[in-house]
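The primary structure of each chain is shown beneath.
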Amino acid sequence: MSPTPSQPGRRRFLNGAAGAAGGALLLSLGAGLTARQAAALPADALRPPGALAENDFLGACIRCGLCVRDCPYDTLRLADPADQVAAGTPYFQARKVACEMCEDIPCVKACPTAALDHTLKDIAQARMGLAVLVDQETCLNFLGLRCDVCYRVCPVIDRAITLTRRHNERSDRHAMLIPTVHSEACTGCGKCEKSCVLEEAAIKVFPIALAKGMLGRHYRKGWEEEAKAGGSLIGDQTQLPARRPDDAPLPRGVLK
Amino acid sequence: MSARTAAGSRGKAAPLAPGHEAVAVKGWLGAHKWLLARRCVQFAILALFLAGPWAGLWIVKGNLSSSLTLGTLPLTDPFVLAQSIAARHWPAAAALTGAAIVLLFYAVVGGRVFCSWVCPVNVVTDGAAWLRRRLGIKTGKVPSSATRWWLLGGVLLASAATGMTVWEFVNPVSMTHRALIFGGSAAWLVVIAVFAYDLLVANRGWCGHVCPMGACYATLGRVALLRVSAAQRSACNDCMDCFVVCPEPQVIRPALKAVDGAGPVITFSECTNCGRCIDVCSKNVFRYAHRFDQRSA
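Analysis parameters
Residues numbered from 1 in each chain as written. Chains lettered and ligands numbered in written order. Predicted model: local features only at pLDDT ≥ 70, side-chain atom pairs only at ≥ 80, totals over all residues. Heavy atoms only, no water. Helix = DSSP H or I, 4+ residues; strand = E, 2+ residues; numbered from the N terminus. Contact = heavy atoms within 4.5 Å. Areas by Shrake-Rupley, 256 points an atom, 1.4 Å probe, with all protein chains shown as cover. Lys, Arg positive; Asp, Glu negative; His and termini not counted. Charge placed at Lys NZ, Arg CZ, Asp CG, Glu CD. Core = buried A, V, L, I, M, F, W, Y, C linked by side-chain atoms within 4.5 Å. Buried < 20%, exposed > 50% of the residue type's maximum accessible area, 1.4 Å probe, protein only. Domains from an automatic or database assignment. Pairing = 2+ DSSP bridges. 1 Å grid on protein atoms, 1.4 Å probe; cavity = no way out; pocket = protein on both sides within 12 Å on 5 of 7 lines; lining within 4 Å. Points joined across faces, edges and corners; volume = space filled by probe spheres on them. Nonpolar A, V, L, I, M, F, W, Y, C, P; charged D, E, K, R; others polar. Buried area = accessible area lost by both parts, 1.4 Å probe. Salt bridge = Lys/Arg side-chain N within 4 Å of Asp/Glu carboxyl O. Polar contact = N/O pair within 3.5 Å; in protein donor to acceptor, adjacent residues only side chain to side chain. Phe/Tyr/Trp six-rings, centres within 6.5 Å; stacked < 30°, edge-to-face > 60°.

Draft legend 1. Focus on the overall build of chain A. Looking only at helices and strands, chain A features eight helices and six strands. For chain A, the sequential pattern of α-helices and β-strands runs α-α-α-β-β-α-β-α-β-β-α-β-α-α. Based on the C-alpha atoms only, the size of chain A along its principal axes is roughly 120 × 55 × 35 Å. Considering only intrachain contacts with a sequence separation of at least 6, the fraction spanning at least 24 residues in chain A is 61%. Surface accessibility of chain A: about 15,900 Å² in total, with carbon and sulfur atoms responsible for 53%. The positive charge centre, built from 32 side chains, and the negative charge centre, built from 28, are 6 Å apart in chain A.

Draft legend 2. Here's a closer look at the nonpolar core. One finds Tyr106(B), Phe114(B), Cys242(B), Ile252(B), Leu256(B) and Phe286(B) to be the most contacted residues of the largest nonpolar core, which totals 60 residues. For this core, the domains that each give at least three residues are domain 1 (35-219) and domain 2 (227-290) of chain B. Setting aside residues no more than four positions away along its own chain, Phe286(B) makes contact with Val228(B), Ser229(B), Ala230(B), Cys242(B), Ile252(B), Leu256(B), Ile266(B), Cys277(B), Ile278(B) and Cys281(B). Counting residues in each nonpolar core, the second largest holds 46 residues, with Met101(A), Cys111(A), Leu116(A) and Leu133(A) among its members.

Draft legend 3. Just the pairing of strand β1 (residues 60-63) of chain B, in detail. Residues and elements named next belong to chain B. Sheet topology note: the β1/strand β2 (residues 66-69) ladder contains four bridges and is antiparallel. Along β2, the bridge assignment pairs asparagine 63 with serine 66. What sits between β1 and β2 in their antiparallel hairpin is a turn of two residues.

Draft legend 4. A look at empty space enclosed by the protein. Residues and elements named next belong to chain B. In total, this model carries seven cavities of 30 Å³ or more according to the counting rule given. Estimated volume of the largest cavity: approximately 190 Å³. Forming the boundary of the largest cavity are 23 residues, of which Arg112, Cys115, Asn122, Thr125 and Cys207 lie nearest the centre. Counting only elements with at least two residues in the lining of the largest cavity, the list comes to α6 (113-118), α7 (121-135), α11 (205-210) and α12 (212-221). Tallied by class, residues from the lining of the largest cavity come to 11 nonpolar, six polar and six charged. Both of domain 1 (35-219) and domain 2 (227-290) provide at least three residues apiece to the lining of the largest cavity.

Draft legend 5. Seen up close, the interface of chain A and chain B. Every contact between the two is made by 41 residues of chain A and, on the other side, 46 residues of chain B. Across the chain A to chain B interface the summed buried area is about 3,200 Å²; carbon plus sulfur atoms make up 71%. Among the residues of chain A in contact with chain B, Ile62(A), Arg63(A) and Arg69(A) are the three that bury the most area, contributing 21% of the side total. Applying the counting rule to chain A against chain B returns one salt bridge. Remark: the boundary between chain A and chain B carries 11 residue pairs in polar contact (both at pLDDT 80 or more). When residues of the side of chain A that touches chain B are traced back to their parent elements, those giving at least two are α1 (6-38), α2 (54-60) and α3 (66-70) of chain A. Per-element accounting of the side of chain A that touches chain B gives the leading share, 14 residues, to α1(A). Of the residues belonging to the side of chain A that touches chain B, the class tally is 26 nonpolar, 10 polar and five charged.

Draft legend 6. Region of the structure containing the packing of aromatic side chains. Residue and element names in this part refer to chain B. This structure, assessed with the given rule, holds seven aromatic pairs over all chains. Taking 4.4 Å as the distance between ring centres and 15 degrees as the angle between the ring planes, the aromatic pair formed by phenylalanine 114 and tyrosine 217 counts as stacked. Here the residue phenylalanine 114 occupies a position in helix α6, and tyrosine 217 occupies one in helix α12, the gap between them amounting to 103 residues. Of the two residues examined, phenylalanine 114 and tyrosine 217, each falls in the buried class. Their ring planes at 15 degrees and their centres at 6.3 Å tell us that tryptophan 167 and tryptophan 206 sit as a pair that is stacked. Here tryptophan 206 lies in helix α11 and tryptophan 167 lies in the loop between α8 (147-162) and α9 (172-182), a separation of 39 residues in the sequence. Residue tryptophan 167 is classed as buried on the basis of its relative accessible area of 2%.

Draft legend 7. Just the environment of Ala262(B), in detail. Here Ala262(B) shows up in the loop between α14 (253-257) and α15 (276-280). Residues Ala262(B) and Gln294(B) lie 32 residues apart in sequence; the distance between their C-alpha atoms is 9.8 Å.

Draft legend 8. Representation of the pattern of salt bridges within the structure. Residues and elements named next belong to chain B. All chains considered together, the criterion is met by 17 salt bridges over all chains. Taking the shortest distance from any N to any O, the salt bridge between glutamate 248 and arginine 148 comes out at 2.9 Å. With glutamate 248 in the loop between α13 (241-245) and α14 and arginine 148 in helix α8, this residue pair connects regions lying 100 residues apart in the sequence. In this structure, glutamate 248 and arginine 148 share a single accessibility class: buried. The residue lysine 257 makes a salt bridge to aspartate 238 at a minimum N-O spacing of 2.7 Å. Of this pair, lysine 257 sits in helix α14 while aspartate 238 sits in the loop between β4 (226-229) and α13, and the two are 19 residues apart along the sequence.

Draft legend 9. Structural context of the domain arrangement of chain B. All names here are of chain B. When cut into domains, chain B gives domain 1 (35-219) and domain 2 (227-290). Between the C-alpha centres of domain 1 and domain 2 there is a distance of 25 Å. Around 1,200 Å² of area is buried between domain 1 and domain 2 when both sides are counted, 45% of it from carbon and sulfur atoms. On the surface where domain 1 and domain 2 come into contact, there are two salt bridges. Here domain 1 and domain 2 share eight residue pairs in polar contact (both at pLDDT 80 or more) between them. Those elements that place two or more of their residues in the side of domain 1 that touches domain 2 are α3 (33-55), α6, α8 and α11. Here the element with the most residues in the side of domain 1 that touches domain 2 is α6; it accounts for four residues. Class assignment of the residues belonging to the side of domain 1 that touches domain 2 gives a composition of eight nonpolar, three polar and five charged.

Draft legend 10. Region of interest: the side chain of Asp279(B). All names here are of chain B. For aspartate 279, the position within the fold is in helix α15. From its side chain, aspartate 279 meets the backbone nitrogen of tryptophan 34 in a polar contact 3.1 Å long. With sequence-adjacent residues up to four places away left out, aspartate 279 is seen in contact with Ala22, Lys26, Gly30, Ala31, His32, Lys33, Trp34 and Leu35.

Next up, the structure:
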């Protein structure tokens, strides 16, 4: 109404806009940093079957809890902001409740965003984590007993966990049957960790990124390459004549 | 008659409370019609979500981020989906369909109808605003109401930069709703923080200035069909009650006062269609109308 010049109005507007923009961008930055910090998954938290790799999962999961609702065994739960798992995302802890590996995978079907990959049709192909026998000092089988519980409860028995025979050096007359996990078959369901009879499980399921090592990309295993090529890639070893003084003794194992 | 006396005694107890004139004229119920309707809708929606986990009656599964009604109708919050897409994840059909339905619905009934008729945080911030008014608290500093628009953009940028749905790590709206339906304790700290912020720092601070989710729904308000109209604006007696109760008071003046020949329909996208102005006006100036209804008196 009053004839104010346009300049102060514009200045006030620019000041206001700059303040709003600055505040908002600071808040977004804060939220972004919070997200980065909160994105680390603790070692005992496992994602539902078919979950994308953790970073992709945090971009895809909208935290609606439909997977939790359709889990018939109440295995899954949504993280509370006080938990170490990103707030509102689904997870389970194997030692508390393991995944029952439903054949029709209802949690994956329920996911509206495909943060749980809908192409997963065979639960045996799920890779929720990887079992690792972390403590050989307390595992009863390593002590020479026949506990075998982790092996017996494994839904992929004899493929995901096998028993490997080893000589018992302590008694020098018995065999030890060592539970051995195979990553190509372990789904990470957590049954082994859940059932381990110890006070604290000796076998634990970790997120794959924690549990799995990786060979250098350039590494080739000679025996595999040989099998693939149908023979040694470097040919037969050349037999070189031994040059030495006549009276020198031959090295051990070398025949004349 | 009894309603009138009750209204009279209320008016005496708090003579400055906005709407006391409306209560005297229309009765308490008449002066709180839309407020009561809104609370009923808010709690009915919450009850639908809670019927499953509490009573085993699975009508609606999920939460406000995404839900499935009667096993067929998907509904997805467009803002969380926008974050997900910014984070370069292309969602499955269910979420996209759900978001499309939600967008279409709010494009008709008014974008921020979500804020005032559905969002659980609305009850918290309405409560804070009411208490702030009653206690006469004037402290604090109100951020620019443009903050939410910048935050909307900033959150999408941050989602693109980190590949994560960034706002969902702090979003009080989804956290509150999740805590109500899935349990969880720490989320209540966030609710308390929002309440304290609105009570002590900024009047109508969260919903009216900061929340980028509300800003996202407000973008739909630009086309929304259902709007509030100051149809009887000539009857206005300048009591200012509507400005006091309105969560976005800046939206009223042009329509009410015909600033620069403006029509009677409140076209600002920030208007939440909450209808409190309709309730508190003793002269019945306001009513719900559609965007193109230019009738006024």
